[in-house]
Amino acid sequence: MILHMPAFYRREFLKKIGTYGVSLPLFPQTRKRPNVIVIMTDDQGYGDFSCHGNPVLKTPNMDKLHGESVRFTDFHSAPMCTPTRGQLMTGVDALKNRATSVTAGRAVLRRDLPTMADVFRKAGYRTGLFGKWHLGDNYPYRPMDRGFETAKYHLGFGMSSAPEFTNDYFNGTYREDGAIRKFSGYCTDFWFSQATTWIEARRAAGEPFFCYLPTNTPHGPAWVDPRYAAPYDKAGLPRNFFGMIANLDENLGKLEEYLRTNGLRDNTIVIFMTDNGATAGFNVHNAGMRGRKTMIYEGGHRVPCFVRWPAGGLRKAADVNVPAQMQDILPTLIDLCGLEKPKGVAFDGSSLAPVLRGKAEDVGDRMLIVQYGQIPKKFESTVIWGKWRLVNGTELYDIHADAGQQRDVAAANARVAASMRTHYESWWARIEPSLRDFLPISIGAPQENPVLLCSSDWEEIYADNPGHVSSAAGGPRGGPWNVYVERGGEYEVELSRWPPGLRLPLNAGRKPQQMTFGESPEGKAVPVAGARLALAGREQSVKTEPGDVVARFRLRLPAGAKTKLHGWFVDAAGADLCGAYYASVKLL
């Protein structure tokens with residue numbers, strides 16, 4: 001069935017952002033506007049810092065920044081990557097902005113919500129992204145579609161994800177405004193080097209800038225030069241994970257030295273955060289918290305947040321124990337930089353600027369909600385209210401008295417728990433009706449034609465890493481992609497078992513691929529003898545030969561339709577085998 005596209009989707013987004021209204025005064029013209037650098041590392045938990053008490057790991061440059069910053073010690077992300085990034089970019093809760101998961105058709109942002117980059121760009125800032133985006137690999141969700149003038153990035157969750165199937169952390173490839181290019185050296189070194197080069201160009205031109213530097217490390221696979229891991233080569237330690245953090249720390253030190261020696265340090269706001277709770281370092285040090293990445297206990301979503309702006313009149317560097325969240329960052333930067341707030345956007349976050357400036361000790365009495373999910377379910381959440389944590393709608397913890405969340409005190413504090421449940425019920429009632437409205441990838445758009453779809457965007461199926469592709473996971477049909485037909489005409493659809501660039505036959509297996517310091521998995525052979533395509537209410541079948549690398553279809557599609565594209569492979573008897581992990585869709 002073809003559905004008509006909602007009106008908001010058809011709007012030109014640049015027209016939307018042109019309607020901003022001013023809610024705060026612009027930065028005084030007599031003062032130079034501050035530059036902004038937001039650094040976000042990937043899968044580095046709260047305890048993966050020596051300044052947070054890690055007994056083994058050494059992070060001298062992160063520690064130095066910590067010592068120079070206002071530190072929000074009760075700061076919360078989502079328990080997983082994409083929802084955190086969407087909340088950072090929009091100031092809106094994940095279940096509202098729709099980027100609720102890392103995969104399963106739920107890893108893109110609503111188009112009607114302006115991003116942090118849109119807001120800065122509208123204010124005359126130059127905007128650049130260097131590293132991990134993970135809020136959409138295809139138009140209209142790519143970083144250059146969402147406000148970044150310069151975008152050097154990888155696809156998916158990382159440089160070994162299903163969309164980056166053969167990529168390596170060393171001497172690999174990246175995207176530059178959509179085009180595939182090669183880089184030399186280690187990925188983290190490359191992101192920091194490119195960001196620094198771009199910042200230098202902005203400095204030379206006298207242009208204010210917003211630099212977003214989200215690294216794909218220390219997310220696994222743990223591939224790093226052994227010299228960084230060598231100090232942690234001891235039983236029970238995640239040596240390569242800690243090695244990736246050591247490399248990150250070194251790169252942070254180089255960036256800090258550049259800012260200092262080139263006169264940028266004082267008037268640059270630097271914000272350092274991580275995207276979720278503990279992963280490989282969980283068993284070494286988790287700062288006394290319960291839970292880790294993906295969990296809704298404190299250890300899954302309490303993360304560091306360091307804010308430094310030497311010339312900004314901020315309070316003295318110190319810990320601030322104010323409950324805060326990722327959604328607060330955009331409203332805070334709008335306030336600190338004197339930007340225009342987007343008209344008609346209701347942030348779920350609040351500005352932390354009064355706290356940062358020492359004019360307030362909190363941001364008022366509020367409840368925060370931490371929730372994400374491939375298929376979000378009611379009460380799979382944490383509600384934060386001061387010292388209280390309501391987990392799963394029933395468990396209540398006093399974090400001040402019980403940081404490890406070992407004692408459920410709901411029975412003794414029934415009124416508190418009831419108030420928090422009531423708040424959540426009201427929030428959920430507003431969100432729940434839209435949770436089944438998947439955001440479509442455009443096909444046939446002049447901005448991207450052809451489009452290469454990947455299993456990481458299958459609806460409600462988790463298939464975003466090379467292990468899923470290699471083992472033919474995801475069920476006998478895989479899942480559909482939600483698509484929007486931008487222009488009508490004749491389309492060619494090519495279904496692939498393997499990334500098209502490998503040119504492997506549909507029925508072939510694959511040997512393990514040796515990487516610089518690691519290996520990608522062996523691939524399972526599947527007896528493909530045909531393929532089926534369901535698109536726009538029609539289903540077609542084709543037979544394939546043993547040496548075929550794609551199954552090819554042609555059909556006409558009308559413009560302006562939201563529909564599903566579903567391709568899968570069958571054996572000689574017509575039995576379903578697995579989904580098509582890749583689909584190239586081209587308007588002819």
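Quantities reported herein were computed from a predicted structural model and do not represent experimental measurements.

### What to know about the overall build of the protein
Moving on, step 1. Broken down by element type, the protein carries 14 helices and 30 strands.
Moving on, step 2. Dimensions of the protein, computed from C-alpha atoms along their principal axes, come out at roughly 70 × 60 × 55 Å.
Moving on, step 3. By residue count, 60% of the 588 residues in the protein fall in the buried class.
Moving on, step 4. Restricting to contacts in the protein with at least 6 residues of sequence separation, those with at least 24 account for 71%.

### Let's talk about the environment of Lys-543
Moving on, step 1. Of note, Lys-543 is situated in strand E26 (residues 538-543).
Moving on, step 2. Along the primary structure Lys-543 and Val-345 are separated by 198 residues, whereas in three dimensions their C-alpha atoms are 50 Å apart.
Moving on, step 3. If we skip the residues at most four places from it in the chain, Lys-543 touches Ala-529 and Gly-530.

### Some remarks on the nonpolar core
Moving on, step 1. Of all hydrophobic cores here, the largest spans 52 residues; its most connected members are Phe-72, Leu-88, Met-89, Phe-210 and Met-273.
Moving on, step 2. At six residues, helix H11 (residues 329-337) tops the list of elements feeding residues into this core.
Moving on, step 3. Apart from the residues lying within four places of it in its own chain, the contact partners of Phe-210 are Val-36, Val-38, Met-89, Met-116, Ala-117, Phe-120, Tyr-125, Arg-126, Thr-127, Gly-128, Phe-148 and Trp-198.
Moving on, step 4. In terms of nonpolar packing, the next biggest core, distinct from the first, is built from 44 residues, Ile-37, Met-62, Phe-190 and Phe-242 among them.

### Focus: the layout of surface pockets
Moving on, step 1. Roughly 710 Å³ of volume is contained in the largest pocket.
Moving on, step 2. Lining the largest pocket are 32 residues; nearest its centre among them are Leu-155, Pro-163, Arg-175, Ile-180 and Leu-452.
Moving on, step 3. Those elements that place two or more of their residues in the lining of the largest pocket are strand E7 (173-176), strand E20 (451-454) and strand E30 (582-587).
Moving on, step 4. Among the elements that line the lining of the largest pocket, the one with the most residues is E20, at four residues.
Moving on, step 5. Class assignment of the residues belonging to the lining of the largest pocket gives a composition of 16 nonpolar, nine polar and seven charged.

### Here's the deal with the sheet that holds strand E4 (residues 75-76)
Moving on, step 1. Read from one edge of the open sheet, three strands run E11-E4-E14, paired in mixed fashion. Looking at the sheet topology across the chains shown, the edges are occupied by strand E11 (302-303) and strand E14 (324-325).
Moving on, step 2. Judged from the two bridges that link them, E4 and E11 form a sheet pairing that is antiparallel. Within the sheet, the bridge partner assigned to His-76 lies in E11 and is Arg-302.

### Some words on the confidence of the model for the protein
Moving on, step 1. The share of residues in the protein with pLDDT of 70 or more is 95%, and the mean pLDDT across the chain is 94.
Moving on, step 2. Scored below 50 in pLDDT, residues 1-26 makes 59 contacts in the model with residues more than four places away or belonging to other chains.

### As for the packing of helix H7 (residues 187-205) against helix H9 (residues 239-261)
Moving on, step 1. At a closest axis distance of 10 Å, the pairing of H7 and H9 adopts a crossing angle of 10°. In terms of orientation, H7 lies roughly parallel with respect to H9. Taking contact as the criterion, the partners of Thr-188, Asp-189, Phe-192, Thr-196, Ile-199, Glu-200 and Arg-203 in H7 are, on H9, Asn-247, Leu-248, Asn-251, Leu-252, Leu-255 and Tyr-258.
Moving on, step 2. Considering only residue class, the contact of H7 with H9 consists of six nonpolar, four polar and three charged.

### Notes on the sheet that holds strand E6 (residues 150-154)
Moving on, step 1. On the basis of which strands lie adjacent, the open sheet formed by ten strands has the order E8-E7-E6-E5-E9-E2-E10-E12-E3-E13 and mixed pairing. Each edge of the open sheet carries a strand with a single partner, namely strand E8 (179-182) and strand E13 (318-320). If you compare each strand with its neighbour and ignore which way they point, the axes differ by 20° on average.
Moving on, step 2. Here strand E2 (residues 35-41) pairs with strand E10 (residues 268-274) via seven bridges, running parallel. Across the sheet, residue Ile-37 finds its bridge partner in E10, namely Val-270.
Moving on, step 3. Strands E2, strand E5 (126-132), strand E9 (209-214) and E10 of the sheet are contacted by helix H4 (residues 81-90), whose axis makes an angle of about 170° with E9.
Moving on, step 4. Contacts from H11 reach E2, E10 and strand E12 (305-308), with the element oriented near 170° to E10.

### Describing unusual backbone geometry
Moving on, step 1. Residue Pro-140 is bonded to the preceding Tyr-139 through a cis peptide linkage, with omega at 10°.
Moving on, step 2. Looking at where Pro-140 falls in the secondary structure, it is placed in the loop between E5 and E6.
Moving on, step 3. Thr-217 connects to Pro-218 through a cis peptide bond whose omega is 5°.
Moving on, step 4. Tracing the backbone shows Pro-218 in the loop between E9 and helix H8 (226-229).
Moving on, step 5. Of note in the backbone geometry, Asp-177 takes a positive phi value of approximately 50° without being a glycine.

### Focus: the environment of Trp-458
Moving on, step 1. By the element assignment, Trp-458 lies in the loop between E20 and helix H14 (466-470).
Moving on, step 2. Overall, the relative accessible area of 0% leaves Trp-458 in the buried class.
Moving on, step 3. Residues Trp-458 and Gly-478 lie 20 residues apart in sequence; the distance between their C-alpha atoms is 7.4 Å.
Moving on, step 4. Excluding its chain neighbours within four sequence positions, the residues that come into contact with Trp-458 are Ala-104, Gly-105, Ala-463, Ala-473, Gly-474, Gly-478, Gly-479, Pro-480, Trp-481, Gly-579, Ala-580 and Tyr-581.

### Observations regarding the packing of aromatic side chains
Moving on, step 1. Counted according to the given criterion, the structure contains 26 aromatic pairs.
Moving on, step 2. With centroids separated by 5.6 Å and ring planes inclined at 55°, the aromatic side chains of Phe-130 and Trp-198 adopt a geometry described as tilted. In this pair, Phe-130 is assigned in strand E5 and Trp-198 in helix H7, connecting sequence segments 68 residues apart.
Moving on, step 3. Take Trp-198: its relative accessible area is 9%, and that puts it in the buried class.
Moving on, step 4. A ring pair is formed by Phe-148 and Tyr-212, whose centres lie 6.2 Å apart and whose planes are at 20°; its orientation type is stacked. Residue Phe-148 is located in the loop between E5 and E6, and its partner Tyr-212 is located in strand E9; the two are separated by 64 residues in the primary sequence. The same class applies to Phe-148 as to Tyr-212, namely buried.
Moving on, step 5. Site record: aromatic cluster; members linked through ring pairs are Phe-120, Tyr-125, Trp-133, Phe-148, Phe-210 and Tyr-212.

Parameters at a glance
- Residues numbered from 1 in each chain as written.
- Predicted model: local features only at pLDDT ≥ 70, side-chain atom pairs only at ≥ 80, totals over all residues.
- Heavy atoms only, no water.
- Helix = DSSP H or I, 4+ residues; strand = E, 2+ residues; numbered from the N terminus.
- Buried < 20%, exposed > 50% of the residue type's maximum accessible area, 1.4 Å probe, protein only.
- Contact = heavy atoms within 4.5 Å.
- Core = buried A, V, L, I, M, F, W, Y, C linked by side-chain atoms within 4.5 Å.
- 1 Å grid on protein atoms, 1.4 Å probe; cavity = no way out; pocket = protein on both sides within 12 Å on 5 of 7 lines; lining within 4 Å.
- Points joined across faces, edges and corners; volume = space filled by probe spheres on them.
- Nonpolar A, V, L, I, M, F, W, Y, C, P; charged D, E, K, R; others polar.
- Pairing = 2+ DSSP bridges.
- pLDDT = per-residue confidence, 0-100.
- Axes fitted to C-alpha atoms, helices over the stretch in contact; angles between N-to-C directions.
- Parallel < 35°, antiparallel > 145°, perpendicular 65-115°, else oblique.
- Phe/Tyr/Trp six-rings, centres within 6.5 Å; stacked < 30°, edge-to-face > 60°.

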